[in-house]
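# An overview of the molecular structure
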Amino acid sequence: MTFENKTFIVTGAGGGMGEETVKLLLDNGANVAGCDLHTDNLSKYKNTNKFIAFKGDLLDEDIVKDIFKETANQFGNIDGLVNIAGIAQSATSIDEVSLDEWQRIMDINTTMMFLTCREASVYMKEKKQGSIINIGSVSATRPRPGLQSYVASKGAVEAFSKALALELAPYQINVNILHPGPSDTTMLGQFSAESASVDQTKKEIFEKSVPLGSLLKPENIAHSIKYLLSDEAKMVTGAVLHVDGGRNI
Ligand SMILES: NC(=O)c1ccc[n+]([C@@H]2O[C@H](COP(=O)([O-])OP(=O)(O)OC[C@H]3O[C@@H](n4cnc5c(N)ncnc54)[C@H](O)[C@@H]3O)[C@@H](O)[C@H]2O)c1
């Protein structure tokens, strides 16, 4: 078992990539704390004493603190944080994007990451070890029209994570960025313009944009996360891993 006695906190655990990541880490012997606004789909993992679900808004500082505290109490240590939670933007021209919408996207995709990474650093610095993986998006490298706020938030994920990788390196804490390409989850349809057909956008725009010819599956992302959390990636930090079927080229 790759991750026996290791404990990981996974945000966005109720979503497509999140649930697949929870499952893979549990299959590899880890203890996992899965956090999301919606956790109903995670109830099937509760029969193991290696899993806890936290239902709540990760933009709430107190909730974030409690999650780390309870996880450390239950499992004794926090070895890794995987930030998967995020929201999409429906393709909209900038003149129609409200300040509230811009701020909502920046808050959920970047401020939330700041809050969880800040808390993780407290636990990991003390033990002088840890691994943080922040999920960005290939759109930070290959933007699309109408997604300006989402793309900005994911560019911030990359810059923030690199800065943190350098800052936390003296404590043997690795921080890496994983940029997924278009993936077959509920979120993908949410990038369509309001007037467009979701299925058609998935097929005609997103699938065709991937050189390897198909949408990513959540398990493709989960396996790369597993690698970045493993000892094999011990000397990998501040790296940007594109898991996108070649979309970034
Ligand atoms: N699906 C894609 O094509 C794609 C492509 C590139 C990057 N990404 C990124 O990958 C990550 C996962 O995407 P997914 O496709 O699994 O999406 P998803 O919508 O299935 O999952 C995202 C999860 O984040 C949770 N979440 C949102 N706001 C939250 C909050 N305030 N507190 C707690 N949880 C919250 C949602 O409830 C949801 O379960 C996201 O960061 C997304 O931006 C997705």
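Residues numbered from 1 in each chain as written. Predicted model: local features only at pLDDT ≥ 70, side-chain atom pairs only at ≥ 80, totals over all residues. Heavy atoms only, no water.

We apply this condition: UniProt positions are given in the numbering used here, feature names are shortened, and annotations may be inferred rather than shown by experiment.
If you check an unreviewed UniProt entry, the protein chain appears there as SDR family NAD(P)-dependent oxidoreductase from Oceanobacillus locisalsi. Annotation of the protein chain in UniProt includes, under Sequence similarities (unreviewed entry), the sentence "Belongs to the short-chain dehydrogenases/reductases (SDR) family."

## Let's talk about the packing of aromatic side chains
Here is the rule we go by: Stacked, edge-to-face and tilted labels apply to pairs of Phe, Tyr and Trp rings (six-membered ring for Trp) whose centres lie within 6.5 Å, assigned for plane angles under 30 degrees, over 60, and everything in between, in that order.
Within the structure shown, the criterion is met by five aromatic pairs. Of the aromatic side chains, those joined through ring pairs into one cluster are Tyr150, Phe191 and Phe206.

## Overview of the pairing of strand β4 (residues 80-83)
So the rule is basically this: Here the term buried applies to any residue with accessible area under 20% of the maximum for its type, exposed to any over 50%, and partly exposed to those in between, with areas from a 1.4 Å probe on protein chains only. Only DSSP runs of H or I covering at least 4 residues are called helices, and only runs of E covering at least 2 are called strands; the numbering of each starts at the N terminus. Pairing between two strands is assigned when DSSP locates at least 2 bridges connecting them.
Of the two faces of β4, the one lined by Gly80 and Val82 and the one lined by Leu81 and Asn83 are each fully buried. Relative to β4, strand β1 (residues 7-11) runs parallel, the two being bridged by four bridges. The residue of β4 that forms the bridge with Thr11 is Asn83. Pairing geometry for β4 and strand β5 (residues 130-135), over four bridges, is parallel. Considered in β5, the bridge of Leu81 is made with Ile132.

## Let's talk about the packing of helix α1 (residues 16-27) against helix α7 (residues 218-229)
Heads up, the rule is: Axis definition: a line fitted to C-alpha atoms, over the contacting stretch in the case of helices. Angles run 0 to 180 degrees between N-to-C directions. Roughly parallel means an angle under 35 degrees; roughly antiparallel, over 145; roughly perpendicular, 65 to 115; everything else is oblique. Two helices cross in a left-handed way if the nearer one is turned anticlockwise from the farther one by less than a right angle. They cross in a right-handed way if the turn is clockwise. Here, residues are in contact when the closest pair of their heavy atoms is within 4.5 Å. Three classes are used, and their members are as follows: Ala, Val, Leu, Ile, Met, Phe, Trp, Tyr, Cys and Pro are nonpolar, Asp, Glu, Lys and Arg are charged, and the others, Gly among them, are polar.
At a minimum axis distance of 8 Å, the contact between α1 and α7 shows a crossing angle of 50°. One way to sum up the angle between α1 and α7 is to call them oblique. Seen along the crossing, α1 lies across α7 with a hand that is right-handed. Judged by residue contacts, Gly16, Met17, Glu20, Thr21, Leu24 and Leu25 of α1 engage Pro218, Glu219, Ile221, Ala222, His223, Ile225, Lys226 and Leu229 from α7. Its residues placed into classes, the contact of α1 with α7 shows eight nonpolar, three polar and three charged.

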